[in-house]
Every structure is written in C-alpha cells, then in structure tokens.
Amino acid sequence: MTTPALPEIAPERTALLAMDFQNGIVASVPESDALVERVKGAIADVRAAGGTIGYVRVAFTEDDWAKIPATNKTFSAVAGAKMMHHEDDATRIDERIAPEGDDIVVRKIRFGAVSTTDLDDQLRARGIDTVILSGISTSGVVLSTLMDLADRDYRVYVLTDGVADHAPDVNRVLVHEVFPSRAHLIDTARLAELLKAA
C-alpha cells in the first residue's frame, strides 16, 4: 500500500505556528533544546520561502484569572495559583525563536490557539489556507488547535519532530494514530523539501 502524495505547499498561503514555546513550558519536555533547534530551522525555512510565522503563547491578566469559572478543571487551578501572568518571564517566547518584523503573535487563555484569540482573522487576512503546527504540548495546544483549524477547513500539517509532550507515549499515540485522519504529517526535513519544490 503506497502512501498518498502530500499536497504541495504554496509558501505565500502558508503559516508555521510555534505554539507555547515559552520559558515556563519549554524545559518541561524531554530533549527540549533539540526540539527548539529543529523548530528554529523550520521557522528559518518557512521565512526564507516567503511564508508566514505565527507565535502563540499562553498568559493571563488579572481580569483573565477572575473570569475563569470553577467548572474549568485545568484553568481554574491556574487562576487559583495565579500562574502564567502575562508579564512573567515564564510566559515570554523562547528567545532562540523570538518573533521578528510582521510575524503574527497572539496570547491565549485556553488550550487552543484559536478560540480565545484573533488568530483565525489574522490568518485569513493574509490569505493563509495552510497551517503547519509545532508546539508544546501535543496533548494540549497541538491537539486543540489542530481540531479547531481542521473544522475551519484549513489544510493542516503537523511537524512531527516539532511537537512534544510531557508524556512521550501520549505524543506517539496522538501523532501516529489520531492526527493522520485530520492532518498531513511531515518532519522538518520533509518540510524543507516541500518548500524547495514550491
């Protein structure tokens, strides 16, 4: 059984999202330095090809904490502990892959990159129909964002060596058993090839 060919990538309609690569999160996953270096290379490749780079970070204001209801199992605990304040160093994007120029940067207050931000509007305003996902963690921001973008009819790629989870087994199951029905899977080397062919 042959693997179906990947759709071509048109860089001018493509965005690579680097999600939750922030100081308080990066070090929490295995081999984080190597992960950041791979994503840094992918960012450089997409940027050089004329694509868009987007950054997503999770961070809260005092008002955000106050509005999180007790029914939200995860984020009510974050609010109760006053974690991830938007001005804290823990919420700053890792300086090794810091945004440049007119890159998209959004601040979210839930798992997904879309539901509490204007990311969808910004992507559509730039004519983006293809999104490549990288991020920490696979079971959090990557899963949630993939589902949301797929439901909004974007062509979605997951950068398989640009995602990581606190639980490596969970990462493996999601990437290899859940994501293929909703997204195209590529690694950083294959991304570079697709961009060169564009």
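Visitor: Can you help me understand the side chain of Asp161 in this one?
Guide: Structurally, Asp161 can be placed in strand 5 (residues 155–164). For the buried residue Asp161, which engages in no salt bridge, the nearest side chain bearing the opposite charge is Arg38, 4.1 Å off. Contacts of Asp161, omitting those with residues within four sequence positions, involve Leu35, Arg38, Asp187 and Thr188.

Visitor: Explanation requested: the pattern of salt bridges in the structure shown.
Guide: Pairing is possible between side chains of opposite charge, provided their charged atoms come close. This model, assessed by the stated rule, comprises 14 salt bridges. One salt bridge in this structure joins Asp148 and Arg152, with 2.5 Å as the shortest N-O distance. The network of salt bridges with shared partners includes Asp120, Arg124, Asp148 and Arg152.

Visitor: Quick question: what am I supposed to make of helix 4 (residues 73–80) here?
Guide: One turn of the α-helix equals 3.6 residues, which is why residues spaced by three or four share an orientation. When we look at burial in helix 4, the residues that qualify are Phe75, Val78 and Ala79. Axial view of helix 4: buried residues confined to an arc of 95 degrees, hence all on one face. Structural note: helix 4 exposes Lys73 and Gly80 on the side pointing more than 90 degrees away from its buried face. In this structure, the buried residues of helix 4 make contact with helix 3 (62–67). Just past helix 4, the residue Lys82 takes up positive phi, approximately 55 degrees.

Visitor: Looking at this structure, how should I read the side chain of Asp120?
Guide: Here Asp120 lies in helix 5 (residues 119–125). Sequence-distant contacts of Asp120, that is, excluding residues within four places in its chain, are made with Val114, Arg152 and Tyr154.

Visitor: Would you explain the packing of aromatic side chains in this entry?
Guide: Two descriptors summarise a pair of aromatic rings, namely the distance from one centre to the other and the angle between the planes of the rings. Counted according to the given criterion, the structure contains 2 aromatic pairs. Judged by centre distance (5.9 Å) and plane angle (45 degrees), the ring pair of Phe60 and Phe75 falls under tilted. One end of the pair, Phe60, is in the loop between strand 2 (52–58) and helix 3; the other, Phe75, is in helix 4, and 15 residues separate them in sequence. Owing to a relative accessible area of 6%, Phe75 belongs among the buried residues under this scheme. Ring geometry for Phe75 and Phe111: centres 5.0 Å apart, planes at 65 degrees, overall edge-to-face.

Visitor: Help me out: how do you make sense of the pairing of strand 5 in this one?
Guide: When a strand is regular, its side chains alternate between the sheet's two faces. Counting buried positions along strand 5 yields 8 of 10 residues, so the element is predominantly enclosed. For the handedness criterion, the β-α-β arrangement of strand 4 (residues 130–136), helix 6 (residues 138–151) and strand 5 is classed as right-handed. Sheet topology places strand 5 next to strand 6 (residues 184–186); 3 bridges connect them, and they run parallel. In the strand pairing of strand 6, Tyr157 is matched with His184. Once the chain exits strand 5 it traverses helix 7 (residues 168–178) before rejoining the sheet at strand 6, and the crossover so formed is right-handed.

Visitor: What should I look at first to understand the nonpolar core in this one?
Guide: Within soluble globular proteins, side chains that are nonpolar generally end up buried alongside one another. Formed by 35 residues in total, the largest nonpolar core has its most connected members in Leu16, Phe21, Ile43, Phe60, Ile97 and Leu191. Listed by contribution, the elements that provide at least two residues to this core are strand 1 (14–19), helix 1 (23–26), helix 2 (32–48), strand 2, helix 4, strand 4, strand 5 and helix 8 (188–197). Top contributing element to this core by residue count: helix 2, with 6 residues.

Calculation notes
Residues numbered from 1 in each chain as written. Predicted model: local features only at pLDDT ≥ 70, side-chain atom pairs only at ≥ 80, totals over all residues. Heavy atoms only, no water. Helix = DSSP H or I, 4+ residues; strand = E, 2+ residues; numbered from the N terminus. Buried < 20%, exposed > 50% of the residue type's maximum accessible area, 1.4 Å probe, protein only. Lys, Arg positive; Asp, Glu negative; His and termini not counted. Salt bridge = Lys/Arg side-chain N within 4 Å of Asp/Glu carboxyl O. Contact = heavy atoms within 4.5 Å. Arc of directions from axis to C-beta. Phe/Tyr/Trp six-rings, centres within 6.5 Å; stacked < 30°, edge-to-face > 60°. Right-handed = clockwise from strand over helix to strand, strands pointing away. Pairing = 2+ DSSP bridges. Core = buried A, V, L, I, M, F, W, Y, C linked by side-chain atoms within 4.5 Å.

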